[in-house]
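# Chains, contacts and geometry: an overview
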Amino acid sequence: MDGFQEQLWVLLLGSLLGLELIGKVPPTLHTPLMSGANAISGITMLAALTLITRAGENILLLSLGSVSLGFALFNVVGGFLVTDRMLTMFRSSRKSSGGGQ
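Now for a quick tour of the structure. All values reported here derive from a predicted model rather than from experimental measurement. (Residues numbered from 1 in each chain as written. Predicted model: local features only at pLDDT ≥ 70, side-chain atom pairs only at ≥ 80, totals over all residues. Heavy atoms only, no water.)

Counting its regular elements, the protein contains 3 helices and 0 strands. Going residue by residue from the N terminus, the α and β elements of the protein occur as α-α-α. Relative to its 101 residues, the protein shows a buried fraction of 13%. Across the protein, every contact between residues at least 6 apart in sequence was considered, and the portion connecting residues at least 24 apart equals 58%. (Helix = DSSP H or I, 4+ residues; strand = E, 2+ residues; numbered from the N terminus. Buried < 20%, exposed > 50% of the residue type's maximum accessible area, 1.4 Å probe, protein only. Contact = heavy atoms within 4.5 Å.)

Take a look at the structure:
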């Protein structure tokens, strides 16, 4: 098996394992996991920016850095929006239960 096929197998098995693990996470742990994913995506954003600044005239590196920056930024913004929405849902449920007492 050459290197490319090994990398595809790692990607496939990692994706299946990730789907299996994330599917079994209880909803109470979703927000801490989302915060961890945002931190990892923040590191990915810094790496992509470093790649873009050091790419120079290399179009392949510029495009790879731009795509990875876009995906990481999409993940960070989406994660913050989902986390904010979940926290808003918890705040509104406390106000409605506390107002009747």
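There's plenty left to go through after this.
There is a patch of nonpolar side chains on the surface, built from W9, L12, L13, L16 and L19 and spanning about 540 Å² of accessible area. Mapped onto the fold, L16 is located in helix α1 (residues 3-23). (Patch = residues over 30% accessible without salt bridge, like charges linked within 9 Å, V, L, I, M, F, W, Y side chains within 5 Å. Areas by Shrake-Rupley, 256 points an atom, 1.4 Å probe, with all protein chains shown as cover. Salt bridge = Lys/Arg side-chain N within 4 Å of Asp/Glu carboxyl O.)

Enumeration according to the criterion identifies 1 salt bridge in this entry. With a closest N to O distance of 3.2 Å, K24 and E20 form a salt bridge. Judged by its relative accessible area of 61%, K24 is exposed.

With respect to the helices, strands and loops of the structure, I40 is situated in helix α2 (residues 30-55). The exposure class of I40 is exposed, given its relative accessible area of 56%. Taking the C-alpha atoms as reference points, I40 and V76, 36 residues apart in sequence, are found 9.1 Å from one another.

Mapped onto the fold, V82 is located in helix α3 (residues 59-99). Separated by 48 residues in the primary sequence, V82 and M34 have C-alpha atoms spaced 8.5 Å apart. Apart from the residues within four sequence positions on either side, V82 is in contact with H30 and M34.

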